[in-house]
Amino acid sequence: MWIKAVEKRPELAKKCFGLMQNSRYRDVKHTIQYATRDFCMLIEKEFKIQHPGDIFAVSNQSSQQDLNVIKNELQRQVVLCNETLLQVLYKSGKHVSLQEAINKHRVISEAKVVYVDLSDDERNVLEHAVALTRIAEPTFQSSQIDIIDTANFENIAWYGQMLHVPKWMFNIGFVHQMGKLCPDGSSQCKCREWLIAVQFLFLRQDKIKRPQQRLAGFSGRLPPSFDQPLVYLLSQLAHQVCEKAPPYCEKLHQGQVLDYKATHADCGEREKLKNEKIFELEKRIQDDATKFSDNFKDLEHRLSLAQRELMEREITHVDKEDVLKERYEDQMERVKKRDQDYC
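No experiment lies behind these values; they were computed from the predicted model shown. Along each chain, numbering runs from 1 in the same order as the chain's sequence is written. For this predicted model, a pLDDT threshold of at least 70 governs which residues receive local features, and a threshold of 80 or more governs which side-chain atom pairs are given and counted, while totals over whole chains, interfaces and linings are taken from all residues. Hydrogens and waters are ignored; side-chain quantities use all the structure's heavy atoms.

### Here's the deal with a nonpolar patch on the surface
Where we set the bar: Surface patches are defined over residues having more than 30% relative accessible area and no salt bridge, joining like charges when they lie within 9 Å and nonpolar side chains (Val, Leu, Ile, Met, Phe, Trp, Tyr) when within 5 Å. Using a 1.4 Å probe, accessible areas were evaluated by the Shrake-Rupley method; residue-level cover was limited to the displayed protein chains. For this analysis, a salt bridge means a side-chain nitrogen from Lys or Arg found within 4 Å of a carboxyl oxygen belonging to Asp or Glu. We count a stretch as a helix when DSSP gives it H or I for four or more residues in a row; a strand needs E for two or more, and each element gets its number in order from the N terminus.
Judged by side-chain polarity, L324, Y328 and M332 come together as a nonpolar surface patch covering roughly 300 Å² of accessible area. Mapped onto the elements of the fold, L324 is located in helix α13 (residues 265-342).

In structure tokens form, the structure reads like this:
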């Protein structure tokens, strides 16, 4: 009843919105089952009037952790809604779920850094970390890594088949703020290398044969389930890893310029193929989105016409009924009076 009323008289949207904010009113509780896109758009418009600014609609059953994500990461104001109102807002197409918003925000805030754009120092750190990792996990390759430039201090994480390494880990100042194993004044600090290698090995620990030694009193910044003796082994080997990563060590330490196209042809070819695949998939997604959007709009238009036609028929039937009543009302009264006189 409310859906047709609001579509016919949009000024009723304010009244209907007021009822939908309160879960006690049963006549709007199941609105989403019959709501049309036009109705949802009118309710959403009223929602924006009531809650101006950069707001984010979320369930009133959300956890405190979710609310903190909206405030701190998305940096938007929280508006708590019951499930009925929230589903209507989603159907309007103007609002998305929290998970969708987080995913979109993180994709926008992250950017891949191609290998050739790294500085010599950053490449040196990465290659030493890979070589250090391979001491414990020989099958590991640098072509399994993507460098990500992000504003967040995130850890290395799997993304599909690739390991995403945040670029902040190549900054010695940031790494020393997180934890420090090197002696003060050391000229051969390997804190960046061991931190990256530790996280590589944590994510690939199923391939590592763990040592049996114990390291007491170590309190570095490590994942709670990580094998600490392995960290000790890596920290002891870090100063020896240079000889494990030719031709980088010989040439870099002599100040020579490396031909990265030759030494990392596999990385360049992989990035080229991935970029081509990304372009192809983006084009396919765009074509599908256009196609489905057109079909959806056509279906919505046809549905709207059918609903309008049905409403007009109902109104016509009511008008005809009223005309018939007026036309034959006098005759019916005369017949009833004649029957009474006869009796």
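### Things to note about the pairing of strand β4 (residues 145-150)
Our working definition: Whether a residue is buried, partly exposed or exposed follows from its accessible area with a 1.4 Å probe, protein chains only, as a fraction of its type maximum: under 20%, in between, or over 50%, in that order. Should DSSP find at least two bridges between two strands, the strands are taken to pair.
Within β4, five of the six residues are buried, which leaves the element mostly enclosed by the surrounding structure. Here four bridges tie β4 to strand β6 (residues 162-166), and the two strands are oriented parallel to one another. Counted as the bridge partner of D146 is H164 from β6.

### Looking at empty space enclosed by the protein
Stated formally: The way it works is a 1 Å grid over only the protein atoms, where trapped points that fit a 1.4 Å probe form a cavity and open points with protein on both sides within 12 Å along at least five of seven lines form a pocket, and then any residue with an atom within 4 Å of a point lines it. Grid points are joined across faces, edges and corners, and a volume is the space filled by probe spheres set on the points. Just so you know the grouping, Ala, Val, Leu, Ile, Met, Phe, Trp, Tyr, Cys and Pro go in nonpolar, Asp, Glu, Lys and Arg go in charged, and all remaining residues, Gly too, go in polar.
All told, the structure shown has one cavity of 30 Å³ or more when counted by the stated rule. Empty space within the largest cavity amounts to approximately 80 Å³. Forming the boundary of the largest cavity are V113, Y115, L118, L126, S142, I145, D146, I147, C267, R270 and E271. Residue composition of the lining of the largest cavity, grouped by class: seven nonpolar, one polar and three charged.

### Focus on the environment of K274
Rules: We call two residues in contact when some of their heavy atoms are within 4.5 Å.
One can find K274 in helix α13. The residues contacting K274, other than those within four sequence positions of it, are K112, D146 and M162.

### Considerations on the confidence of the model for the protein chain
This is how the line gets drawn: As a per-residue measure, pLDDT reflects the predictor's confidence and takes values from 0 up to 100.
On average, residues of the protein chain carry a pLDDT of 78, and 77% of them reach 70 or more. Of the regions scoring below 50 in pLDDT, residues 211-219 engages in eleven contacts with residues more than four places distant in sequence or in other chains.

### Topic: the packing of helix α7 (residues 120-136) against helix α9 (residues 191-203)
What counts is decided by this rule: To get an axis, a line is fitted to the C-alpha atoms, and for a helix only the part in contact is used. The angle between two axes follows their N-to-C directions and goes from 0 to 180 degrees. An angle below 35 degrees is treated as roughly parallel, one above 145 as roughly antiparallel, one from 65 to 115 as roughly perpendicular, and anything else as oblique. Crossing handedness: left-handed means the near helix sits turned counterclockwise from the far one by under a right angle, and right-handed means the same turn made clockwise.
Viewed as axis vectors pointing N to C, α7 and α9 meet at an angle of 45°, and their least axial separation amounts to 8 Å. With respect to each other, α7 and α9 are oriented oblique. The crossing of α7 and α9 is right-handed. For the pair α7 and α9, the contacting residues are D121, V125, H128, A129, V130, L132, T133 and A136 in the first and R192, E193, W194, I196, A197, F200 and L201 in the second. Of the residues contributing to the contact of α7 with α9, the split by class is ten nonpolar, two polar and three charged.

### Re α9
Formally: Here the expected span of a helix is defined as 1.5 Å times the quantity of residues minus one.
A rise of 1.5 Å per residue sets the reference length of α9, with its 13 residues, at 18 Å; its end C-alpha atoms lie 19 Å apart and thus fit the reference within 8%. Taken across its 13 residues, α9 has eleven buried, putting it largely inside the fold. Turning to α9, its buried residues are C191, R192, E193, W194, L195, I196, A197, V198, Q199, F200 and L201.

### Considerations on a negative patch on the surface
What counts is decided by this rule: Under the convention used here, Asp and Glu are negative, Lys and Arg are positive, and both His and the chain ends fall outside the count. Here the site of a charge means atom NZ of a Lys, CZ of an Arg, CG of an Asp or CD of a Glu.
A grouping of D319, D322, E326, E329, D330 and E333 is seen on the molecular surface, where their side chains present a negatively charged patch. With respect to the helices and strands, the residue D330 is situated in helix α13. We classify D330 as exposed; its relative accessible area is 52%.

### Points about the side chain of T36
Put simply, the rule is: Two N or O atoms form a polar contact when they lie within 3.5 Å of each other; inside protein one atom must be a possible hydrogen donor and the other a possible acceptor, and for residues adjacent in sequence the pair counts only when both atoms belong to side chains.
Along the chain, T36 falls in the loop between α2 (13-20) and α3 (37-50). Polar side-chain contacts of T36 include one of 3.2 Å to the backbone nitrogen of F39.

### Describing the side chain of E122
Topologically, E122 is positioned in helix α7. A distance of 2.9 Å separates a polar atom in the side chain of E122 from the backbone nitrogen of S119. Residues in contact with E122, not counting those within four places in the same chain, are K167 and F170.

### Points about the packing of α2 against α3
As a packed pair, α2 and α3 sit with axes 9 Å apart at the nearest point and diverge in direction by 80°. The pairing of α2 with α3 is recorded here as roughly perpendicular in orientation. In contact with A13, K14, C16, F17 and M20 of α2, α3 contributes F39, L42, I43, E46, F47 and Q50. Residue composition of the contact of α2 with α3, grouped by class: eight nonpolar, one polar and two charged.

### Describing the pattern of salt bridges
Summed over the entire model, instances satisfying the criterion amount to 13 salt bridges. The partner of E280 in a salt bridge is R284, and the shortest N-O contact between them spans 2.9 Å. Highlighted residues: E280 and R284, both in helix α13, separated by four residues, approximately one helical turn. Using a relative accessible area of 37% as the deciding quantity, one classes E280 as partly exposed. You can call R284 partly exposed: its relative accessible area is 42%.

### Brief notes about the packing of aromatic side chains
Condition: Here is the rule: rings of Phe, Tyr and Trp (six-membered ring for Trp) pair when centre to centre is within 6.5 Å. Planes less than 30 degrees apart are stacked, more than 60 are edge-to-face, and the remainder are tilted.
This model, assessed by the stated rule, comprises two aromatic pairs. Aromatic pair F17 and F47: ring centres 6.2 Å apart, planes at 70°, arrangement edge-to-face. With F17 in helix α2 and F47 in helix α3, this residue pair connects regions lying 30 residues apart in the sequence.

### Side note on unusual backbone geometry
Of note, the phi angle at Q75 is positive, near 55°, even though the residue is not glycine. Following the sequence through the fold, Q75 ends up in the loop between α4 (64-72) and β2 (77-81). Among the residues examined, Q75 registers a relative accessible area of 61% and is labelled exposed.

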